[in-house]
Amino acid sequence: MQTAVVNKLVVIGAGQMGGGIALTAARMANMPVSLVDSNAGSIEKQRSLFKQLLSKDVKREKITIQQADEIIGRIRFETNLAASVEDADFVIEAIPEDLDLKADLFKKLSDNLKNADCIVATNTSSISITKLASLYKRPMNVVGMHFMNPVPVMQLVEVIKAMQTSDGVVDKVMQLAGAMGKTCIVAPDTPAFTANRLLAPYLNEAVQLLFENGWRPDNHGDGGNNNKHTHAITPDSIDQIMKLGSNVPMGPLRLADFVGLDTLLSIMKVLDKSGLGSGGKYAPSPLLSLMVDAGWLGKKTGRGFYNDYQ
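Residues numbered from 1 in each chain as written. Predicted model: local features only at pLDDT ≥ 70, side-chain atom pairs only at ≥ 80, totals over all residues. Heavy atoms only, no water.

Within the sequence span of helix α12 (residues 286-294), burial applies to L287, L288 and M291. Angular distribution of buried residues about the axis of α12 spans 105°; they occupy a single face of the element. Packing partners of the buried residues in α12 comprise α8 (195-212) and α11 (261-273). (Buried < 20%, exposed > 50% of the residue type's maximum accessible area, 1.4 Å probe, protein only. Helix = DSSP H or I, 4+ residues; strand = E, 2+ residues; numbered from the N terminus. Arc of directions from axis to C-beta. Contact = heavy atoms within 4.5 Å.)

Laid out in structure tokens, this is it:
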């Protein structure tokens, strides 16, 4: 394991992204991490998940029992944001993709962060880093650090420099990501950056194809796995076509479930409002909005275009 380049890392948001970032930092970068969320239930869910994942790796002989105990011992699970961030020297926010929520968080960070050199990185999928930097009292310390899902597996971190971000901050982000076993590639601060600018419309188009051909989760009650209407297009048929025809490891609708349909909808809304396209080029599919309204967000809720998630 590498020695940490950060003395105290705080990850805010105990969802699948925040949890993945915290576990990867503790495991790969050998550093103390505080995982913070105001929802105690989310914190306990991640604590349990970490233990399950590490236990599986012990059984597979990837790590020893002692190493598993050391990794979990480096993670603090906290609900008090102010106390957690006060002495931090690197913060990564991974809260939901909502500008109002993030604006409120950046105000709290401005009020509570004491370390003038603390870097504040945002894992936003699409929101302007320059806009977020303007909401923090030291905008030169704000940077985009966009991890891919699932964090422990995916190698890429998109690094997005705001207009205000100092070069030194980008250098430190590169060092931290390297210690976590990631490869950094700089992306422009344009709507959805690079990965999601290309990926999100592709996923949305697959959803729209389902919508246009009459597929609805309420007439395919198993979330798309029941192909009883053999003439109808299904999530699985689209995914198999792309896997076998384009050699991608995962089809677009399964991938959308892994990304989170609420996250995908947020990205499409940002693109749709950006002025980059015309004629509804980036308009979210009505079916995507319906799925989110139903609370069927994909893997994290157990149901999306598929419902075979444990």
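Locating D89 in the fold gives a position in the loop between α4 (81-85) and β4 (90-93). Put simply, D89 is tucked away with no salt bridge, and the nearest opposite charge, on K172, sits 8.0 Å away. Looking at D89, its side chain comes within polar contact range of the main-chain nitrogen of K8, at 2.8 Å. Each residue touching D89, except ones within four places of it in the same chain, is listed here: V6, N7, K8, L9, N115, D117, C118 and I119. (Lys, Arg positive; Asp, Glu negative; His and termini not counted. Salt bridge = Lys/Arg side-chain N within 4 Å of Asp/Glu carboxyl O. Polar contact = N/O pair within 3.5 Å; in protein donor to acceptor, adjacent residues only side chain to side chain.)

This part takes up the state of the cysteines. Counted according to the given criterion, the structure contains zero disulfides. We note that C118 lacks a disulfide partner, and the nearest cysteine sulfur, in C184, lies 17 Å from it. Since its relative accessible area comes to 0%, C118 is described here as buried. The class for C184 is buried, based on a relative accessible area of 18%. (Disulfide = S-S within 2.5 Å.)

This part covers the nonpolar core. Among the nonpolar cores identified, the biggest contains 42 residues, and L9, L35, F90, I92, M145 and F147 are the most heavily contacted of them. Contacts of M145, omitting those with residues within four sequence positions, involve F90, I92, A121, T122, N123, V157, E158, V173, L176 and A177. Counting 24 residues, the second-largest nonpolar core is a separate cluster that includes L105, V120, A133 and Y136. (Core = buried A, V, L, I, M, F, W, Y, C linked by side-chain atoms within 4.5 Å.)

This paragraph deals with the environment of P252. For P252, the position within the fold is in helix α10 (residues 252-259). Taking the C-alpha atoms as reference, P252 lies 24 Å from I21; in sequence the two are 231 residues apart.

Bringing the confidence of the model for the protein into the picture now. Confidence in the prediction for the protein averages 93 pLDDT; 95% of positions are at 70 or higher. A low-confidence stretch, residues 221-227 stays under pLDDT 50, and its non-local contacts, those more than four residues away or across chains, total 20 contacts. (pLDDT = per-residue confidence, 0-100.)

All right, on to the packing of aromatic side chains then. As enumerated under the stated definition, the model contains four aromatic pairs in all. Residues W215 and F305 carry aromatic rings whose centres are separated by 5.8 Å and whose planes lie at 50° to one another, so their mutual orientation is tilted. Here W215 is found in the loop between α8 and α9 (235-246), whereas its partner F305 is found in the segment after α12, with 90 residues between them in sequence. Here W215 and F305 have matching classes, each one buried. Seen from the ring of Y306, R254 lies directly overhead, with NZ or CZ sitting 3.9 Å from the centre. Taking NZ or CZ as reference, R303 lies 3.8 Å from the ring centre of W296, over its face. (Phe/Tyr/Trp six-rings, centres within 6.5 Å; stacked < 30°, edge-to-face > 60°. Lys NZ or Arg CZ within 6 Å of the ring centre and 35° of its normal.)

Here we take up the packing of α11 against α12. The geometry of α11 relative to α12 is characterised by a closest axis approach of 9 Å and an angle of 135° between their N-to-C directions. With respect to α12, the element α11 is oriented oblique. Like other packed secondary-structure pairs, α11 and α12 cross with a definite hand, here left-handed. On α12, the residues touching L261, D262, L264 and L265 of α11 are L288, S289, M291 and V292. Looking at the contact of α11 with α12 residue by residue, the classes come out as six nonpolar, one polar and one charged. (Axes fitted to C-alpha atoms, helices over the stretch in contact; angles between N-to-C directions. Parallel < 35°, antiparallel > 145°, perpendicular 65-115°, else oblique. Left-handed = near helix turned anticlockwise from the far one by under 90°. Nonpolar A, V, L, I, M, F, W, Y, C, P; charged D, E, K, R; others polar.)

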